[in-house]
Amino acid sequence: MTRRLAHVAKKVGVSEATVSRVLNGKPGVSEATREAVLTALDVLGYERPTQLRGDRARLVGLVLPELQNPIFPAFAEVVGGALAQQGFTSVLCTRTVGGVSEADYVDLLLQQQVSGVVFAGGLYAQADASHEHYRLIHERGLPTVLVNAAVEHLGFPQVSSDDVVAAEMALGHLRALGHERVGLVLGPRDHVPSRRKLEIFMASAGGDSDLVEHTMFSLEGGHAAATRLLRRGVTGIVCASDVLALGVIRAARRAGLSVPRDVSVIGYDDSAMMNCTDPPLTTVRQPIDAMGRAAVELLVAQIDKAVVPADELLFEPELVVRASTARAGTGG
């Protein structure tokens, strides 16, 4: 008990006596200090005293699939900052292969009495994945927002970048440069944002299922997919993430080809440092700042007991043209 008092007092920057007064429900402590002590208890993993468990902690779970893709740390920074402005502390939960799953994190967050959860890049976007933990959250009435396209009927508000517009922009750019044989590198077949991009590709002039590759969202996945597409004679490749695009560029170089002289490459996200790659990457930018702020606004509205429809807010992406795309046929 003494160790817990000291640990929490140091975290908040108050005396152990103040922490003790909060834990014992004694007067003489401001509401702000009381909330800070209770939040510190939650952050440090201590259980609240029984009499204090009725109120939800001013914590919000931020569940991400990984941190290696720069787009996710960027999103965490936006959401964390917006939550802090509203008086909430974000709890970062990152899935690990063979370790803590998304469902495990949901159980943990429910135990911690969090006020809400923001998911980005979660299993809700994969049609074949288990969605039982989302149903549990819905049954508990826990305020929740999903970022980017999800399977239907989960019942949560969504904030998404418009995958249809993104695909149209990327394909239109390559067609305008004279590329007729364009390939597509997407995520897994059950990945909803990838499915949306695929529909536009197949409906476009020159859309050919033989020029579509599905893979995992990784540098290695992009490399393997591009190796297959390059054998089929593509001169342009549109990717579902910047990381996939970097794998495509690596595959092209190992095949003795130059980007963009022999093959043009377009990414998706405009994550950090894509203007510093070789060549700087043409990509479709997700409006992360606007999406992150909107997600927090929707979440806080739910926490404040407002009725928030389970609709999808679509944000317009932006084509950022750099040096990884060029007119077809420049390779001679």
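Definitions and cut-offs
- Residues numbered from 1 in each chain as written.
- Predicted model: local features only at pLDDT ≥ 70, side-chain atom pairs only at ≥ 80, totals over all residues.
- Heavy atoms only, no water.
- Helix = DSSP H or I, 4+ residues; strand = E, 2+ residues; numbered from the N terminus.
- Buried < 20%, exposed > 50% of the residue type's maximum accessible area, 1.4 Å probe, protein only.
- Phe/Tyr/Trp six-rings, centres within 6.5 Å; stacked < 30°, edge-to-face > 60°.
- Expected span 1.5 Å × (residues − 1).
- Contact = heavy atoms within 4.5 Å.
- Pairing = 2+ DSSP bridges.
- Axes fitted to C-alpha atoms, helices over the stretch in contact; angles between N-to-C directions.
- Lys, Arg positive; Asp, Glu negative; His and termini not counted.
- Salt bridge = Lys/Arg side-chain N within 4 Å of Asp/Glu carboxyl O.

The peptide bond linking V259 to P260 adopts the cis configuration, its omega dihedral lying at 10°. Along the polypeptide, P260 turns up in the loop between α10 (242–254) and β9 (264–269). Looking along the chain, the bond that leaves D278 and enters P279 is cis, with omega of -5°. Checked against the element boundaries, P279 lands in the loop between β9 and β10 (282–285). The phi torsion at N148 lies on the positive side, around 80°, for a residue other than glycine. Inspection of the secondary structure assignment puts N148 in the loop between β4 (144–147) and β5 (158–161). Looking at N148, the relative accessible area reads 18%, which means it is buried. Located in the positive-phi region is D270, a residue other than glycine, with phi close to 60°. Judged by relative accessible area, D270 falls into the buried class, the value being 16%.

Once that is clear, we can look at the packing of aromatic side chains. Tallied over the full model, the rule gives 2 aromatic pairs. Look at F119 and Y134: their rings are 5.2 Å apart centre to centre, the planes differ by 70°, and that puts the pair in the edge-to-face class. Of this pair, F119 sits in strand β3 (residues 116–120) while Y134 sits in helix α6 (residues 132–140), placing them 15 residues apart in sequence. The residues F119 and Y134 share a single accessibility class, namely buried. Measuring from centroid to centroid gives 5.9 Å for Y124 and Y134, while their planes differ by 75°, and the two rings are edge-to-face.

Another point: the environment of E152. With respect to the element layout, E152 can be found in the loop between β4 and β5. For E152, a relative accessible area of 63% puts it in the exposed group. For the pair E152 and Y124, spaced 28 residues apart in the sequence, the C-alpha separation amounts to 9.0 Å.

What follows deals with helix α3 (residues 31–43). An ideal rise of 1.5 Å per residue puts 18 Å on 13 residues; α3 measures up with 18 Å between its terminal C-alpha atoms. For α3, the secondary structure elements touched by its buried residues are α1 (2–12), α2 (16–23), β1 (59–64) and β2 (89–94). Count one or two residues on from α3 and you reach G45, which has phi positive near 85°.

Reading across the sheet, the 6 strands line up as β2-β1-β3-β4-β5-β11 and stay open at both edges, with parallel pairing between neighbours. Edge strands, defined here as strands with exactly one partner in the open sheet, are β2 and β11 (312–315). Sheet twist, expressed as the average angle between the axes of neighbouring strands with direction ignored, equals 20°.

Okay, the side chain of D190 next. Note on placement: D190 falls in the loop between β6 (182–186) and α8 (192–203). Although D190 lies buried, it forms no salt bridge, and the closest oppositely charged side chain, R195, sits 6.2 Å away as judged by the N-O distance. Filtering out sequence-adjacent residues up to four positions away, D190 remains in contact with A125, Q126, A127, D128, A129 and R195.

Quick look at the environment of V117 now. Inspection of the secondary structure assignment puts V117 in strand β3. A residue is classified by how much of its surface remains accessible, and V117, at 1% relative accessible area, is buried. Expressed as a C-alpha distance, the spacing of V117 and E297, which sit 180 residues apart in the sequence, is 12 Å.

Function cannot be inferred from these measures alone, as they are strictly geometric.
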